[in-house]
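Observations on the three-dimensional arrangement
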Amino acid sequence: GAQVDTVKVKFKACECEMFIPNSFTPNEDNRNDYFFPVAQCEYSYYQLTVNDRWGSTVFSTGNINARWDGRFKGNLCPEDIYVYIIECTEKQTDKKVVRKGHVSLFR
């Protein structure tokens with residue numbers, strides 16, 4: 001008789017990785033014009049905040065599909081390093097995660 005191996009694959013919480021770019025170029029050439037994290041998981045809560053170096057919020061959203069176009073109140077922000085804070089709660093595990101880092105805006 002033929003042997004059948006059964007392999008069970010379990011998704012672990014650590015596979016809820018998020019890819020967050022460290023730079024973007026909002027110059028409307030359709031390449032890397034937006035800053036947004038790419039999530040591998042579903043979240044019951046999600047909040048992305050981007051602050052300038054003086055701590056002023058230039059972008060904030062609770063929508064995981066929202067993208068920052070490098071603008072604040074309709075004007076392009078200056079070339080600089082911005083600080084992002086992502087707070088989220090993983091849907092499956094109810095685990096709260098906070099990610100902080102820097103993103104460079106280039107033209």
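These remarks concern the structure in this document. The structure presented is a predicted model; accordingly, all values stated were derived computationally and were not measured. (Residues numbered from 1 in each chain as written. Predicted model: local features only at pLDDT ≥ 70, side-chain atom pairs only at ≥ 80, totals over all residues. Heavy atoms only, no water.)

All right, on to the pairing of strand E5 (residues 57-61) then. For strand E4 (residues 43-51) and E5, the ladder comprises 4 bridges, and the chain directions are antiparallel. Directly across from Asn51, in E5, lies its bridge partner Thr57. Between E4 and E5, which follow one another and run antiparallel, lie 5 residues, and Gly55 among them has a positive phi close to 90°. (Pairing = 2+ DSSP bridges. Helix = DSSP H or I, 4+ residues; strand = E, 2+ residues; numbered from the N terminus.)

A separate point is the state of the cysteines. Taken as a whole, this structure holds 1 disulfide when the rule is applied. Cys16 shares a disulfide with Cys41; S-S distance 1.9 Å. Here the disulfide of Cys16 and Cys41 is left-handed, its torsion about the S-S bond being about -75°. With Cys16 in the segment before strand E1 (18-19) and Cys41 in the loop between strand E3 (38-39) and E4, this pair connects stretches of sequence that are 25 residues apart. Since its relative accessible area comes to 18%, Cys41 is described here as buried. (Disulfide = S-S within 2.5 Å. Buried < 20%, exposed > 50% of the residue type's maximum accessible area, 1.4 Å probe, protein only.)

One pass over the structure, following the stated rule, counts 5 aromatic pairs. Relative to Phe35, the ring of Phe24 lies with its centre 6.1 Å away and its plane at 45°, an arrangement referred to as tilted. One end of the pair, Phe24, is in strand E2 (residues 23-24); the other, Phe35, is in the loop between E2 and E3, and 11 residues separate them in sequence. Overall, the relative accessible area of 0% leaves Phe35 in the buried class. Where Phe35 meets Tyr84, the ring centres are 5.6 Å apart and the plane angle is 35°; that geometry is what we call tilted. A residue pair is termed long-range when its members are at least 10 positions apart, and Phe35 in the loop between E2 and E3 and Tyr84 in strand E8 (residues 80-90) qualify at 49 residues. The exposure classification of Phe35 matches that of Tyr84, with both residues buried. Three or more aromatic residues link up through ring pairs in this structure, and these residues are Phe24, Phe35, Phe59, Trp68, Tyr82 and Tyr84. The cationic tip of Arg67 hangs over the ring face of Phe36; the distance from NZ or CZ to the ring centre is 4.0 Å. (Phe/Tyr/Trp six-rings, centres within 6.5 Å; stacked < 30°, edge-to-face > 60°. Lys NZ or Arg CZ within 6 Å of the ring centre and 35° of its normal.)

Once that is clear, we can look at unusual backbone geometry. A positive phi angle is found at Asn30, which is not glycine, with a value near 65°. Relative to the helices and strands, Asn30 resides in the loop between E2 and E3. Asn30 gets classed as exposed once you look at its relative accessible area, which sits at 73%.

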